2 protein chains.
Amino acid sequence: MDNALHELFIQELRDILWAEEHLYKSLPKMAKAATSEDLRHAFEGHHEQTGGHIERLKQVFESIGEKSKAVKCEAMDGLLKEAEELLDDSAKGTMVRDAALIAGAQKIEHYEIATYGTLSTFAKIMGHKKAKQLLDQTLNEEKATDDKLTGIAESFVNEAAMEEK
Amino acid sequence: MDNALHELFIQELRDILWAEEHLYKSLPKMAKAATSEDLRHAFEGHHEQTGGHIERLKQVFESIGEKSKAVKCEAMDGLLKEAEELLDDSAKGTMVRDAALIAGAQKIEHYEIATYGTLSTFAKIMGHKKAKQLLDQTLNEEKATDDKLTGIAESFVNEAAMEEK
């Protein structure tokens, strides 16, 4: 297993661990900035879930006999900066701020969906069954969070934003 | 239409225009770096398609009476940096480099899928029918590209990477 694909797998695991740890720090700020209760709850729930994703990643490292380590993820760094910019440009307590929060959060979710999808494929090919199972659990939770955010956006936030000036 | 949601819509359009323009510059490098012919063709095809996405975005701006303008997208900047790092860490002419290229490219595709999805929802709510139609066309092409990359990864690249040291 000590080949180039294994190295790429480890590199991607370190990248997503950094991403999850930084998202974990940002989510309480996003929850606090949310106007609607639904969105605040969604961010609070995802914060707790993200703590679980970090634990699961540590189990993945362990399952393949590697030491858990985080390495700066340039993409998540950019995504979090962008989410903050969207926040700065919208007024506090408005529904359009919620629309901005959702837009930023869905980009983050899609980043994670792409990464866990890749990791799951790599784990499958290398026969890391335990790792694959753990990665798929998180992948499904990320997809569910993305769907939940779409639901909130469609049913509520965006139409309300139209009522405001 | 001159409300806060409209402003957010414009801001996101400027962001994705920057992202598409920079992706357009990067794709020929990615095509050149690809080992397999399938992947090289996929990148070459997506390069051409991306040129069309840029044109469509300009039409979207025009359709809502706004001047087309690109503003730096921190997220795409991070994603492209990450894709380059993945490339630097894999040896030229190996299948694992293709796996790295696909991993980076799918993150980029998911970023675009999230952004065009948001833009399409905003356009729908604000009644921008022409804009919505243009955005949905691109959204479908980005999804098809992501599927194509998954297909190449599953059928070919990753298994071949296992044969290498």
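Keep in mind that this is a model prediction, so the values were computed, not measured. (Residues numbered from 1 in each chain as written. Chains lettered and ligands numbered in written order. Predicted model: local features only at pLDDT ≥ 70, side-chain atom pairs only at ≥ 80, totals over all residues. Heavy atoms only, no water.)

S.K.: Give a detailed account of the relation of the copies chain B and chain A, specifying residues and quantitative values.
M.R.: In the superposition of chain B on chain A (RMSD 0.0 Å, axial shift 0.0 Å), the rotation amounts to 180°. What the rotation and shift describe, once combined, is the action of a two-fold rotation axis. Most of the interface of chain B is mirrored in chain A, where 100% of its interface residues again form contacts. (Least-squares fit on C-alpha atoms with pLDDT ≥ 70 in both. Contact = heavy atoms within 4.5 Å.)

S.K.: I'd like a description of the interface of chain B and chain A, backed by residues and values.
M.R.: Interface size is often expressed as the accessible area that is lost when the parts come together. Counting residues at the interface gives 42 residues for chain B, matched by 42 residues for chain A. For the pairing of chain B and chain A, the buried interface totals around 3500 Å² over both sides, and the portion due to carbon and sulfur atoms is 65%. Put simply, chain B and chain A have 4 salt bridges between them. One can count 10 residue pairs in polar contact (both at pLDDT 80 or more) joining chain B with chain A. When contributions to the side of chain B that touches chain A are tallied by element, the ones reaching two or more residues are helix 1 (4-33), helix 3 (74-88), helix 4 (95-126) and helix 5 (129-162) of chain B. In terms of residue count, helix 4 of chain B provides more of the side of chain B that touches chain A than any other element does, 16 residues in total. The residue makeup of the side of chain B that touches chain A, split by class, is 20 nonpolar, 9 polar and 13 charged. (Buried area = accessible area lost by both parts, 1.4 Å probe. Salt bridge = Lys/Arg side-chain N within 4 Å of Asp/Glu carboxyl O. Polar contact = N/O pair within 3.5 Å; in protein donor to acceptor, adjacent residues only side chain to side chain. Helix = DSSP H or I, 4+ residues; strand = E, 2+ residues; numbered from the N terminus. Nonpolar A, V, L, I, M, F, W, Y, C, P; charged D, E, K, R; others polar.)

S.K.: Would you mind going over helix 4 (residues 95-126) of chain A in detail, with residue names and values included?
M.R.: Residue and element names in this part refer to chain A. Taking 1.5 Å per residue as the helical rise, helix 4 with its 32 residues ought to reach 46 Å, and the 46 Å between its terminal C-alpha atoms agrees with that figure. Buried residues dominate helix 4, accounting for 28 of its 32 residues. Following helix 4 by one or two positions, G127 adopts a phi angle in the positive range, close to 75°. (Expected span 1.5 Å × (residues − 1). Buried < 20%, exposed > 50% of the residue type's maximum accessible area, 1.4 Å probe, protein only.)

S.K.: Describe the pattern of salt bridges, naming the residues involved and giving the relevant values.
M.R.: Counting across every chain of the model gives 16 salt bridges over all chains. A salt bridge links K72 of chain B to D77 of chain B; the shortest N-O distance between them is 3.4 Å. E82 of chain B serves as the salt-bridge partner of K107 of chain B, at 2.7 Å between the closest nitrogen and oxygen. Taken together, the residues K107 of chain B in helix 4 and E82 of chain B in helix 3 connect sequence positions 25 residues apart. The same class applies to K107 of chain B as to E82 of chain B, namely buried. Salt bridges here are not isolated pairs; linked through shared partners, they connect E12 and D15 of chain A together with E82 and K107 of chain B.

S.K.: Any details on the packing of helix 3 of chain B against helix 4 of chain B? Residues and values, ideally.
M.R.: All names here are of chain B. Contact geometry for helix 3 and helix 4: axes closest at 8 Å, N-to-C directions at 170°. One way to sum up the angle between helix 3 and helix 4 is to call them roughly antiparallel. Touching A75, M76, L79, L80, E82, A83, L86 and L87 of helix 3 are R97, A100, L101, A103, G104, K107, I108, Y111 and E112, all from helix 4. (Axes fitted to C-alpha atoms, helices over the stretch in contact; angles between N-to-C directions. Parallel < 35°, antiparallel > 145°, perpendicular 65-115°, else oblique.)

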